[in-house]
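# Structural overview
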Amino acid sequence: MEKTLNNYLEQIDKYLKPIAVCERIDIVKEIQSEMLELQQKGVTSEQIIERLGSAKALAKAYLGEAISKSNGFSWRKLSAVIAFYSLAGLGGMMLLPVTSICGIMFMFTGVLCPIAGLVKFIAYLNGIEMPQIGIAFDFYTASAIAFLPISFLIGIVFFVIGWFLWKLTIFAIKIMSSGKKKLEQL
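Of regular secondary structure, the chain possesses eight helices and two strands. From first element to last, N terminus to C terminus, the chain shows the α and β order α-α-α-α-α-α-β-β-α-α. By the burial criterion, 38% of the 186 residues in the chain qualify as buried. Approximately 10,900 Å² of the chain is accessible, and the part contributed by carbon and sulfur atoms is 65%.

Here you go:
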């Protein structure tokens, strides 16, 4: 394989660092296989690279697909989202940080809120007043007994909002990663 094609594959590999090594190797091999097939058909290296587009755009497409194919949350997936964000351009610079960071924080708060309710309730049962933990509106302050179900309700609402924002992040990544279709059309 020619040096320009090898350099192109090295750039793809560099941009795909946040995803698992085995997945990254499979992607590079898939692109390399397509390149070799096109070379056998008489297509020049320059034409192949022109068809594929920039290495950055193609890697972004594969990275987006890798992120969006699993529904759950993991730290590896978060690092892939950050890498995708760095490749996504101006649209990604605005939308992805807001939805991903807010999503994670809402889910985290959704878990903490019921824990705070339980801590306050257990302290109340032991005769300890915890004014630092509670909920208060202009003229109403919830008692420890009332705060427990309120904290669970607020926790559920926050967690659902966070999960929705995380799904919105994944959806936006799917839309932004449409560049992989170039390879499939070759």
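Here the focus is the packing of aromatic side chains. Per the stated rule, a full pass over the model turns up one aromatic pair. Judged by centre distance (5.4 Å) and plane angle (85°), the ring pair of Phe106 and Phe158 falls under edge-to-face. With Phe106 in helix H6 (residues 90-125) and Phe158 in helix H7 (residues 144-176), this residue pair connects regions lying 52 residues apart in the sequence. Here Phe158 falls in the partly exposed class, since its relative accessible area comes to 27%.

What follows deals with the confidence of the model for the chain. The predicted structure's coordinates, where accompanied by low pLDDT, should not be read in detail. Scored by pLDDT, the chain comes out at a mean of 81, with 78% of its residues at no less than 70. Across the chain, the secondary-structure element scoring lowest on mean pLDDT is helix H8 (residues 181-185), at 50, and the one scoring highest is H7, at 90.

A word on the pattern of salt bridges. By the definition in use, this model includes two salt bridges. A salt bridge links Arg24 to Asp13; the nearest nitrogen and oxygen atoms lie 2.9 Å apart. Here the residue Arg24 occupies a position in helix H2 (residues 21-40), and Asp13 occupies one in helix H1 (residues 3-15), the gap between them amounting to eleven residues. The class of Asp13 is partly exposed, set by a relative accessible area of 23%. Between Glu37 and Lys41 there is a salt bridge, with its nearest N and O atoms 3.8 Å apart. Lys41 gets classed as exposed once you look at its relative accessible area, which sits at 61%.

What follows covers the nonpolar core. If you look at the biggest cluster of nonpolar residues, it comprises 19 residues, and the most contacted ones within it are Ile12, Leu16, Ile31 and Met35. When contributions to this core are tallied by element, the ones reaching two or more residues are H1, H2, helix H3 (45-52) and helix H4 (55-68). Apart from residues lying up to four places away in sequence, Ile12 is in contact with Val28, Ile31, Ala55, Leu58 and Ala59.

With that settled, consider the side chain of Ser151. With respect to the helices and strands, the residue Ser151 is situated in helix H7. Dropping the residues within four chain positions of it, Ser151 is found in contact with Cys113, Pro114 and Gly117.

What follows covers the environment of Pro149. Among the structural elements, Pro149 can be located in helix H7. Sequence-wise, Pro149 and Leu118 are 31 residues apart; in three dimensions their C-alpha atoms are separated by 9.4 Å.

For H2, built from 20 residues, the straight-helix expectation of 28 Å at 1.5 Å per residue is met to within 8% by its first-to-last C-alpha distance of 28 Å. Restricting attention to buried positions, one finds in H2 the residues Arg24, Ile27, Val28, Ile31, Met35 and Leu38. Viewed along the axis of H2, the buried residues span an arc of 95°, placing them on a single side of the element. Opposite its buried face, H2 presents the exposed residues Cys22, Lys29 and Gln40, each directed more than 90 degrees away.

Reading the values: rules and limits
Residues numbered from 1 in each chain as written. Predicted model: local features only at pLDDT ≥ 70, side-chain atom pairs only at ≥ 80, totals over all residues. Heavy atoms only, no water. Helix = DSSP H or I, 4+ residues; strand = E, 2+ residues; numbered from the N terminus. Buried < 20%, exposed > 50% of the residue type's maximum accessible area, 1.4 Å probe, protein only. Areas by Shrake-Rupley, 256 points an atom, 1.4 Å probe, with all protein chains shown as cover. Phe/Tyr/Trp six-rings, centres within 6.5 Å; stacked < 30°, edge-to-face > 60°. pLDDT = per-residue confidence, 0-100. Salt bridge = Lys/Arg side-chain N within 4 Å of Asp/Glu carboxyl O. Core = buried A, V, L, I, M, F, W, Y, C linked by side-chain atoms within 4.5 Å. Contact = heavy atoms within 4.5 Å. Expected span 1.5 Å × (residues − 1). Arc of directions from axis to C-beta.

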